[in-house]
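Letter by letter, the chains look like this.
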Amino acid sequence: LWDVLSLRLGKDPHKTIGLFEGLRPSQAKIVTLMGELKAFPHGQPIVRQGELGNEMFVLIGGTAEVRVNVNGNFRFIRELKRGDVFGEMGLIRHHERSTDVIATEDVEVLAVNERFLALMQRRYPRIGAKIFLNIAKILSDRLEQETSRRTASSKRKTSRGEIRKSRRGAKE
């Protein structure tokens, strides 16, 4: 089993999987053994919009697509690849899922839930502390990305409004 995990996680999982940042490869294997590996074939939903969530996922292998259903129309949000984390709000807040995540090829994920985190904290407190810090970094990165996206969107709207005003002023 240990060797199989080495193949799945690769030589340096702490460099390619953000949740494992700061861990030695052997510690990343311990984390993986304590979690639950799940496989999803190409085309299968991993997360469905509207479902209640209680876990987050780390993409170990394969790719997936994040999309949102707006009035029956699906809009592509982003592609997920090895090391990407998704569903973190389900873990933290037990919210309804806001998007679909669909496997675009065969996918393997590590599912992380509250039981996993409590067990990690109790049995391996040093590893658990790094995992909690990495989750905080992941959430912080998400917040920063969303803030940047909204700021850029706001600037574009303001810029378009100023252009319209200057055009109207030139006509008058």
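Up top is the structure these notes are about.
These figures come from a predicted structure and were not determined experimentally.

Draft legend 1. Representation of the sheet that holds strand 7 (residues 100-103). Within the open sheet, the 4 strands sit side by side as 2-7-4-5. Their pairing is antiparallel. The two strands at the open ends of the sheet, each matched to only one other strand, are strand 2 (45-47) and strand 5 (73-80). For this sheet, the mean inter-axis angle between neighbouring strands, taken without regard to orientation, is 35°. The pairing of strand 2 with strand 7 spans 2 bridges and is antiparallel. Its bridge partner being in strand 7, Pro-45 is matched across the sheet by Ile-102.

Draft legend 2. Region of interest: the sheet that holds strand 8 (residues 107-113). Ordered in space as 1-8-3-6, the 4 strands form an open sheet in which the pairing is antiparallel. The strands lining the two open edges of the sheet, one partner per strand, are strand 1 (36-40) and strand 6 (85-86). Looking at chain direction, strand 3 (residues 55-61) and strand 6 are connected through 2 bridges and run antiparallel. Directly across from Val-58, in strand 6, lies its bridge partner Val-85.

Draft legend 3. Broad picture of the layout of surface pockets. What the largest pocket holds in volume is close to 830 Å³. Lining the largest pocket are 23 residues; nearest its centre among them are Val-66, Glu-88, Ser-98, Thr-99 and Arg-142. The set of elements that each furnish at least two residues to the lining of the largest pocket consists of strand 4 (64-70), strand 5, helix 4 (88-93) and helix 6 (125-171). With 6 residues, helix 6 is the largest single contributor of residues to the lining of the largest pocket. Taken together, the residues of the lining of the largest pocket break down into 8 nonpolar, 6 polar and 9 charged. Approximately 240 Å³ is the volume attributed to the second largest pocket. What lines the second largest pocket is a set of 13 residues, and nearest its centre among them are Gly-18, Gly-83, Val-85, Ile-138 and Asp-141. Sort the elements by how many residues they give to the lining of the second largest pocket and helix 6 lands first, with 6 residues. Classifying every residue of the lining of the second largest pocket by side-chain character gives 2 nonpolar, 5 polar and 6 charged.

Draft legend 4. Examining the pattern of salt bridges more closely. Summed over the entire model, instances satisfying the criterion amount to 6 salt bridges. In this structure, the salt-bridge partner of Lys-137 is Glu-21, at a minimum N-O distance of 3.2 Å. With a gap of 116 residues between them, Lys-137 in helix 6 and Glu-21 in the loop between helix 2 (13-16) and helix 3 (25-34) connect regions that are remote in the sequence. A residue is classified by how much of its surface remains accessible, and Lys-137, at 34% relative accessible area, is partly exposed.

Draft legend 5. View of the side chain of Arg-97. Looking at the element boundaries, Arg-97 is found in the loop between helix 4 and strand 7. As a buried residue without a salt bridge, Arg-97 has its nearest oppositely charged side chain in Glu-55, at a separation of 5.3 Å. Separated by 2.8 Å, the side chain of Arg-97 and the backbone oxygen of Glu-55 make a polar contact. Here Gly-87 takes part through its backbone oxygen, which lies 3.1 Å from a polar atom of the side chain of Arg-97. Once residues within four sequence positions are removed from consideration, Arg-97 is found in contact with Val-47, Arg-48, Gln-49, Gly-50, Glu-51, Gly-53, Asn-54, Glu-55, Phe-57, Gly-87 and Gly-90.

Cut-offs and rules
- Residues numbered from 1 in each chain as written.
- Predicted model: local features only at pLDDT ≥ 70, side-chain atom pairs only at ≥ 80, totals over all residues.
- Heavy atoms only, no water.
- Pairing = 2+ DSSP bridges.
- Helix = DSSP H or I, 4+ residues; strand = E, 2+ residues; numbered from the N terminus.
- Axes fitted to C-alpha atoms, helices over the stretch in contact; angles between N-to-C directions.
- 1 Å grid on protein atoms, 1.4 Å probe; cavity = no way out; pocket = protein on both sides within 12 Å on 5 of 7 lines; lining within 4 Å.
- Points joined across faces, edges and corners; volume = space filled by probe spheres on them.
- Nonpolar A, V, L, I, M, F, W, Y, C, P; charged D, E, K, R; others polar.
- Salt bridge = Lys/Arg side-chain N within 4 Å of Asp/Glu carboxyl O.
- Buried < 20%, exposed > 50% of the residue type's maximum accessible area, 1.4 Å probe, protein only.
- Lys, Arg positive; Asp, Glu negative; His and termini not counted.
- Polar contact = N/O pair within 3.5 Å; in protein donor to acceptor, adjacent residues only side chain to side chain.
- Contact = heavy atoms within 4.5 Å.

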